[in-house]
Amino acid sequence: MVRNDTNSDDAVARALDALTFVLNDPLRAGRFLDTTGLTPDNLRECLTDPSTLAATLTFLEAHEPDLIACAEATGHSPESLVAARHALERAR
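Here's a quick rundown of the structure. Not measured: the values here are computed from a predicted model.

### Some details on the side chain of threonine 52
Then, number 1: Residue placement: threonine 52 occurs in helix H4 (residues 50–61).
Then, number 2: A polar contact of 3.3 Å, which involves the side chain of threonine 52, links it to the backbone oxygen of cysteine 46.
Then, number 3: With residues near it in sequence (within four places) discarded, threonine 52 still touches Leu38, Leu43 and Cys46.

Rendered as structure tokens:
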């Protein structure tokens, strides 16, 4: 069981790090946009929306290799990224 002791500021910071990770890889970014239905324009408009940030983390959770790679690239543990999603979902 994952502990949900992540505050909303930490969750937002982790999710933004994760979103940066996703968008820095063209193939991964394309899958993210296709999966979420977002376009580059509406993604820019809702960058700090908890739902969008939670969707970023959900996207990574759906493919464990991406979640692990993101954790390694950002210095956050996979568990902390999952906890961040939970915190963002509570913030909606």
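The rest of the description comes next.
### Describing H4
Then, number 1: End to end, H4 covers 16 Å across twelve residues, agreeing with the expected 16 Å (1.5 Å per residue, within 8%).
Then, number 2: All of the buried residues along H4 are Thr52, Leu53, Ala54, Thr56, Leu57, Phe59 and Leu60.
Then, number 3: Buried positions along H4 lie against helix H1 (8–23), helix H2 (26–36), helix H3 (40–45), helix H5 (64–74) and helix H6 (78–91).

### Observations concerning the packing of H2 against H4
Then, number 1: Put simply, H2 and H4 touch, their axes get as near as 11 Å, and they point 115° apart. One way to sum up the angle between H2 and H4 is to call them roughly perpendicular. Considering only the axes of H2 and H4, their crossing is right-handed. Residue-level inspection shows Arg28, Arg31, Phe32, Thr35 and Thr36 of H2 in contact with H4, the latter providing Ala55, Thr56 and Phe59.
Then, number 2: Broken down by class, the residue content of the contact of H2 with H4 amounts to three nonpolar, three polar and two charged.

Conventions we followed
Residues numbered from 1 in each chain as written. Predicted model: local features only at pLDDT ≥ 70, side-chain atom pairs only at ≥ 80, totals over all residues. Heavy atoms only, no water. Helix = DSSP H or I, 4+ residues; strand = E, 2+ residues; numbered from the N terminus. Polar contact = N/O pair within 3.5 Å; in protein donor to acceptor, adjacent residues only side chain to side chain. Contact = heavy atoms within 4.5 Å. Expected span 1.5 Å × (residues − 1). Buried < 20%, exposed > 50% of the residue type's maximum accessible area, 1.4 Å probe, protein only. Axes fitted to C-alpha atoms, helices over the stretch in contact; angles between N-to-C directions. Parallel < 35°, antiparallel > 145°, perpendicular 65-115°, else oblique. Left-handed = near helix turned anticlockwise from the far one by under 90°. Nonpolar A, V, L, I, M, F, W, Y, C, P; charged D, E, K, R; others polar.

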